[in-house]
Structures are given as C-alpha cells and as structure tokens.
Amino acid sequence: MDSFELNKIAGAVLGTLLFVMGLGFFSDAIFSRPAPKVAGYDLPAAAEGGHGGAQAATPPTSEPLPVLLASADPKRGETLVKPCATCHSFEKGGAAKVGPALYGVVNRPIASVGGFGYSDALKAKGGNWTFEALNEFIAAPANFAKGTKMAFGGEKDPKRRADIEAYLRSLADTPVPLPEAK
Ligand code: HEC
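Since the structure is predicted, the reported quantities are computational estimates derived from the model, not experimental observations.

**Overview of the nonpolar core**
Right, so step 1: Ranked by internal contacts, the top residues of the largest apolar core, which has 32 residues, are Phe-90, Val-106, Leu-122, Trp-129, Phe-144 and Leu-168.
Right, so step 2: Every element with two or more residues in this core is listed here: α3 (65-70), α5 (120-123), α6 (131-139) and α8 (158-170).
Right, so step 3: In this structure, Leu-168 is in contact with Phe-90, Leu-102, Val-105, Val-106, Leu-134 and Ile-138, ignoring residues within four places of it in sequence.

Take a look at the structure:
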C-alpha cells in the first residue's frame, strides 16, 4: 500500500463522516421540533372533578333533578326502596308501618295520612311532596325536617334518588307528569 492509496482511504473515511454530519445537520433543520417549554410529557388533563382521593369523598356534581328524572328507571327504584320497606308499605291501600303508607305520595300534601302520628317537624313543613321536596327529604331527612321521626340516614346518590322517585311516581292511578327538563 503506498501513501497515495492511504490518502484515498483516509479521504473516503473523512468524506463519509462529513456526509453523515451533513445529513444530521439537514435532517435537524427539516424535522426540527420546538423544545417543550417545560421538560416532561404532556399528560391528558385530569378528568373533571379533579384528583380522585380528596374530591371523591364529596358528592358528585349532579345534573338538575328534571334531567335525572327524565332518564330515571322505576324498576331500579323498586329495588332501591327495599330498605324503606321495613318502615313503609308501597301497595295501594297499604297500611302504615313505622312510617306512613307511600302509595300516591308524589304531590300528596306533606304529613297528611289521617291517623298517622307525624312528628311536629314534618307537620310544620306545609306544602306538597313535589319531586324537589322528596329529593331533599330522601337525601337527608333530618336536614329537610329537623326532628323528623324518620330514622333513615339518607340516600346520597342523586341518580338513585331519581330512580326511587320514579318508582314512587309509578305508585298512583294516574302518575303525576314529570317536571319538564329545561
Ligand atoms: C326506620 C324507618 C324508616 C325508613 C327506613 C324509611 N322511612 Fe320514610 N318515614 C318514616 C317515618 C317514621 C316517617 C314519618 C316522619 C315524621 O313524621 O317526621 C316517614 C316519612 C316518610 C315520608 C313522608 C310521607 C308523608 O306522608 O308525608 C316519605 C316520602 C318517606 N318517608 C319516604 C321514605 C323512603 C323513600 C325511604 C327509603 C329511601 C324511607 N322513607 C325510609 C320511617 C322510615
């Protein structure tokens, strides 16, 4: 091998290196990406309601009652009132138990079953059992009527309450029309 041949080899090697560097330079120029402002990955925004844990304990934000009622299921409600049935009858002409009979309760005046010994708290409320009133009462009886005799902690899930109300509504010869969902 003479020096001329060595030069050719060296030239080829250097040429290749230059070519590769040039490629890198051009591809950087062509495919350049803006550097992220903050190092790290973009994660999808946290789901509405935030960071699980702490927030999961608070009741879920809910759609308005008329919207929930529009899609409520009386059949589901019927299974959800099992705990109520210890104290309430649901059939037409049913007798009072620990609590008053609930057939036809929707739009019935509050505390109006003759002969039933209502608490003063419930008697003092006035008005009818509208869907709104039932919703509040079933959510937290003692908040709705401080001193009520209904010893029931309350159903916290708005969807389940809507199902329960849909069932209560069905317990009537002519069910009350559902409130209009705006
Ligand atoms: C431990 C017994 C008990 C349970 C369980 C119970 N209730 Fe009651 N409920 C009562 C009593 C007692 C009253 C009367 C309250 C008063 O006079 O303050 C009442 C009153 C009511 C009234 C008012 C009726 C009227 O004539 O004004 C409604 C509506 C009602 N309950 C629905 C329910 C529903 C729905 C459930 C289940 C989610 C339920 N209750 C669970 C005992 C109970």
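Next comes the rest of the description.
**Here we look at the coordination of the iron atom of the ligand**
Right, so step 1: Surrounding the iron atom of the ligand are the protein donor atoms His-88 (NE2) and Met-150 (SD), at 1.9 to 2.1 Å.
Right, so step 2: Every donor counted, the six donor atoms about the iron atom of the ligand form angles of 87 to 179° at the centre, which fits octahedral coordination. Residue His-88 is found in the loop between α4 (74-80) and α5, and its partner Met-150 is found in the loop between α7 (141-144) and α8; the two are separated by 62 residues along the sequence.

**Considerations on the site of the ligand**
Right, so step 1: Neighbouring residues of the ligand: 26 residues in total, closest Cys-84, Cys-87, His-88, Ser-119 and Met-150.
Right, so step 2: Tyr-118 has a polar side-chain atom sitting 2.5 Å from an oxygen atom of the ligand.
Right, so step 3: Here an oxygen atom of the ligand sits 2.9 Å away from a polar atom, N or O, in the main chain of Lys-149.
Right, so step 4: The cavity that encloses the ligand is the largest pocket.
Right, so step 5: With three residues, the top contributor of residues to the shell around the ligand is α6.
Right, so step 6: For the shell around the ligand, a count of residues per class yields 20 nonpolar, four polar and two charged.

**Concerning unusual backbone geometry**
Leaving glycine aside, a negative phi is the common case for residues, and trans is the common case for peptide bonds.
Right, so step 1: Its identity as a non-glycine residue notwithstanding, Asn-107 has a phi of 70°, on the positive side.
Right, so step 2: Here Asn-107 is to be found in the loop between α4 and α5.
Right, so step 3: Here the phi dihedral of Ala-111 falls at roughly 55°; this positive angle occurs in a residue that is not glycine.
Right, so step 4: By secondary structure assignment, the location of Ala-111 is in the loop between α4 and α5.
Right, so step 5: Classification of Ala-111 by relative accessible area gives buried; the value is 18%.

What counts as what
- Residues numbered from 1 in each chain as written.
- Predicted model: local features only at pLDDT ≥ 70, side-chain atom pairs only at ≥ 80, totals over all residues.
- Heavy atoms only, no water.
- Core = buried A, V, L, I, M, F, W, Y, C linked by side-chain atoms within 4.5 Å.
- Buried < 20%, exposed > 50% of the residue type's maximum accessible area, 1.4 Å probe, protein only.
- Helix = DSSP H or I, 4+ residues; strand = E, 2+ residues; numbered from the N terminus.
- Contact = heavy atoms within 4.5 Å.
- Donors = N, O, S within 2.8 Å, 3.2 Å for Na, K, Ca; no water.
- Tetrahedral: all angles 85-135°; square planar, octahedral: opposite > 155°, others 65-115°.
- Near = heavy atom within 4 Å.
- Polar contact = N/O pair within 3.5 Å; in protein donor to acceptor, adjacent residues only side chain to side chain.
- 1 Å grid on protein atoms, 1.4 Å probe; cavity = no way out; pocket = protein on both sides within 12 Å on 5 of 7 lines; lining within 4 Å.
- Sits in = over half its atoms within 2 Å of the grid points.
- Nonpolar A, V, L, I, M, F, W, Y, C, P; charged D, E, K, R; others polar.

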